[in-house]
Amino acid sequence: MGATTIVDPLRISVIGTGYLGATHAVCMAELGFEVIGVDVDPSKIEHLTAGEVPFFEPGLEELLRKNLESGRLSFTTSLADAAAGADVHFICVGTPQHPGSNSADMRYVDAAVSGLIAGGLRPGSLVVGKSTVPAGTAARLAAWLSEQAPGVELAWNPEFLREGFAVDDTLRPDRLVFGVAPDGTAEATLHRVYASVIDAGTPVVVVDYPTAELVKVAANAFLATKISFINAMAEVCEATGADVTHLSKAISYDTRIGGRFLHAGLGFGGGCLPKDIRAFQARATELGAGQAVAFLAEVDAINLRRRTRTVTLATELLGGDVTGKKVAVLGAAFKPNSDDIRDSPALAVADALRRAGATVAVYDPAAIPNARRTYPDLTYADNAVDAATGAHIVLHLTEWTEFRELDPNALTAIVAARTVIDGRNTLNPAQWRAAGWDYHALGRP
Ligand code: UDX
């Protein structure tokens with residue numbers, strides 16, 4: 001074990017060690033705190049304790065090992081240990097879409113709070129919610145805590161981390177949002193926790209609970225809307241013969257619009273944007289403000305239509321019937337540099353074609369083990385060339401760098417037909433066409 005260097009005696013617990021929680025625990029230890037990470041899943045805890053990150057996140061494993069070595073970071077399945085042993089408790093559990101409705105499933109957040117209460121939270125300690133929750137949750141939990149654990153405060157500190165950039169987004173965030181109750185000490189405690197991040201120039205926005213909760217969903221709703229806006233333009237481009245990639249570039253030079261999240265293609269997926277825009281509508285409707293976010297239903301519909309459009313285009317290019325046709329799918333993760341397949345557009349398209357009778361071979365650099373568990377009926381290949389062997393069509397559906405670097409000439413001899421759909425608009429059409437491929441893309445002639 002290396003030497004322990006604790007920069008601040010505040011002890012931190014992190015409840016839930018998924019993408020968000022594992023990253024947060026490691027980064028809090030990196031900032032110099034003593035940190036205990038808690039999860040109900042013993043296998044996650046075993047992996048983390050052994051220095052292994054149970055998901056794909058560049059840079060996280062090195063930092064995990066370094067902080068385990070330092071002795072500042074440990075993991076447990078015992079919420080009681082965390083409750084009694086730490087001063088600040090970050091709640092980082094999931095709030096997935098509720099089965100059978102659009103609202104967020106709050107059972108894991110509620111279980112975390114009730115576990116902390118049962119474990120004996122100490123008066124003077126602070127519970128900090130990071131999970132994305134419906135507006136009103138923090139007030140409800142604060143009331144619960146004041147009844148069951150007097151002297152314990154609650155704050156809401158939403159996270160904005162992107163998978164694939166999780167460490168950087170945690171240690172060098174764009175902004176920190178502290179949702180606090182008036183007259184408490186939570187703001188001062190959060191300033192202590194994030195002292196070095198704030199000293200580095202990160203802006204801090206201090207707000208009330210509902211604003212903090214809404215900041216997160218509003219940010220994700222805006223990002224989803226921006227993507228669906230450009231994908232709606234892609235639909236119009238398809239109807240007019242225009243090219244959405246040029247359209248997007250041209251409007252992006254207007255700094256009021258900007259070019260980020262304006263990339264047209266198969267649309268968004270993942271564990272956040274789709275379920276967050278649905279939960280936002282559900283909650284706003286409950287609060288009588290449903291009309292204000294009714295447009296998010298259209299944002300969702302535009303996004304899902306890109307998947308249908310890709311399936312329809314592939315079917316057309318295969319002669320109207322996919323039965324017995326071999327389809328190569330490049331990409332399974334919902335985005336590159338991730339092994340996350342939650343609501344993956346690539347797998348939704350792959351599975352729709354399989355259900356229609358095609359034989360679908362999927363290759364992804366990181367997400368195959370996860371994809372295989374959820375979609376056991378798809379076929380999986382060890383590399384892009386194997387997936388493409390004998391294929392009647394190649395679908396590029398997640399924009400990993402290695403796909404952009406594929407040489408279309410190298411695939412020419414092994415496919416049954418040189419037809420490609422670029423679902424992410426990142427392949428070079430001139431290069432593919434020069435190699436004799438019939439190149440199609442979403443939103444481009
Ligand atoms: C998102 C938010 O960015 C993050 O701030 C929040 O905390 C969690 O949700 P993440 O789900 O990791 O993060 O993915 P992100 O990088 O935002 O991408 C979301 C989806 O949009 C991906 O499927 C991506 O392929 C797609 N996308 C993104 C586009 O289709 N076009 C774009 O221009 C940008």
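Every value quoted in this text rests on a predicted model; they were computed, and no experiment measured them. Residue positions within a chain follow its written sequence, with the count starting from 1. Under the rules for a predicted model, residues below a pLDDT of 70 receive no local features and side-chain atom pairs below 80 are neither given nor counted, while totals for whole chains, interfaces and linings still include all residues. The basis for every side-chain value is the complete set of heavy atoms in the structure, and neither hydrogens nor water enter the calculation.

Draft legend 1. Quick peek at the packing of helix 10 (residues 209-240) against helix 11 (residues 244-252). In the contact formed by helix 10 and helix 11, the axes pass within 9 Å of each other and the chain directions differ by 135°. Classed by the angle they form, the pair helix 10 and helix 11 counts as oblique. Where helix 10 crosses over helix 11, the two elements pack in a sense that is right-handed. Here Phe 229, Ile 230, Met 233, Ala 234 and Cys 237 of helix 10 come into contact with helix 11, specifically with Val 244, Leu 247, Ser 248 and Ile 251. Grouping the amino acids of the contact of helix 10 with helix 11 by side-chain chemistry returns eight nonpolar, one polar and no charged. Angles shown run from 0 to 180 degrees and are taken between the N-to-C directions of axes, each axis being a line fitted to C-alpha atoms and, for helices, limited to the stretch in contact. Strands are runs of DSSP state E lasting at least two residues, helices are runs of H or I lasting at least four, and both sets are numbered from the N terminus onward. Here is the rule for angles: anything less than 35 degrees is roughly parallel, anything more than 145 is roughly antiparallel, 65 through 115 is roughly perpendicular, and the remaining ranges are oblique. Take the far helix as the reference: if the near one is turned anticlockwise from it by less than a right angle, the crossing is left-handed, and if turned clockwise, right-handed. By definition, residues are in contact when any of their heavy atoms lie within 4.5 Å. Here the nonpolar group is Ala, Val, Leu, Ile, Met, Phe, Trp, Tyr, Cys and Pro; Asp, Glu, Lys and Arg are the charged ones; every other residue, Gly included, is treated as polar.

Draft legend 2. Structural detail: helix 14 (residues 345-355). Burial status follows relative accessibility: with a 1.4 Å probe on protein chains alone, a residue under 20% of its type maximum counts as buried, one over 50% as exposed, and anything between as partly exposed. Within helix 14, burial applies to Pro 345, Ala 346, Leu 347, Val 349, Ala 350, Asp 351 and Leu 353. In the core, the buried residues of helix 14 are packed alongside helix 13 (295-317), strand 9 (326-330), strand 10 (359-363), helix 15 (368-374) and strand 12 (393-396). Definition of a polar contact: a pair of N or O atoms within 3.5 Å, with one able to donate and the other able to accept a hydrogen when the atoms are protein atoms, and with sequence-neighbouring residues admitted only if both atoms are side-chain atoms. Two to three positions downstream of the cap, the backbone nitrogen of Ala 346 sits 3.3 Å from a side-chain oxygen, assigning the N-cap of helix 14 to Ser 344. Directly beyond the C-terminal end of helix 14, a positive phi value near 115° is found at Gly 357.

Draft legend 3. Main features of the pairing of strand 10. Counting buried residues in strand 10 gives four out of five residues, a clear majority hidden from the surface. Across five bridges, strand 9 lies against strand 10 in parallel orientation. Residue pairing in the sheet places Leu 330 in a bridge with Tyr 363 of strand 10. Handedness of a crossover: with both strands directed away from the viewer, a clockwise path from the first strand across the helix to the second marks it as right-handed. A crossover connection joins strand 9 to the parallel strand 10 through helix 14; in handedness this β-α-β unit is right-handed. Pairing analysis gives two bridges linking strand 10 to strand 11 (residues 379-380), with the strands arranged parallel. From the neighbouring strand, Val 362 faces strand 11, where its bridge partner is Tyr 380. Considered for its hand, the β-α-β crossover made up of strand 10, helix 15 and strand 11 is right-handed. Strands are labelled as partners when DSSP assigns at least two bridges between them.

Draft legend 4. Here's a closer look at the nonpolar core. Within the largest apolar cluster, 52 residues are counted, with the highest numbers of intra-cluster contacts made by Val 327, Leu 353, Val 360 and Leu 395. The greatest single-element share of this core, amounting to five residues, is contributed by helix 14. In this structure Val 360 touches Val 327, Val 329, Ala 350, Leu 353, Arg 354, Leu 378 and Thr 379, once residues within four positions along its chain are discounted. The nonpolar core is taken to be a set of buried Ala, Val, Leu, Ile, Met, Phe, Trp, Tyr and Cys residues, with the residues joined through side-chain atoms within 4.5 Å. Of all hydrophobic cores here, the second largest spans 43 residues; its members include Phe 75, Cys 92, Ala 155 and Leu 161.

Draft legend 5. Seen up close, the domain arrangement of the protein chain. Domain delimitation follows an automatic or database domain assignment. Split into domains, the protein chain comes out as domain 1 (11-207), domain 2 (217-300) and domain 3 (307-441). Each of domain 1 and domain 3 has a C-alpha centre, and these two points are 38 Å apart. Taken together, the contacts link seven residues of domain 1 with nine residues of domain 3. When the two sides are added together, the surface that domain 1 and domain 3 hide from each other amounts to roughly 600 Å², 49% of it contributed by carbon and sulfur. For the domain 1 face of the interface with domain 3, the top three residues by lost area are Tyr 19, Phe 56 and Glu 163, together amounting to 80%. Salt bridges are counted wherever a side-chain nitrogen of Lys or Arg sits within 4 Å of a carboxyl oxygen of Asp or Glu. Viewed at the interface, domain 3 and domain 1 are joined by one salt bridge. Across the pair Arg 342 and Glu 163 runs a salt bridge, and its minimum N-O distance is 3.2 Å. Where domain 1 packs against domain 3, one counts five residue pairs in polar contact (both at pLDDT 80 or more). When two parts are put together, the accessible area they lose, computed with a 1.4 Å probe and summed over both, is reported as buried area.

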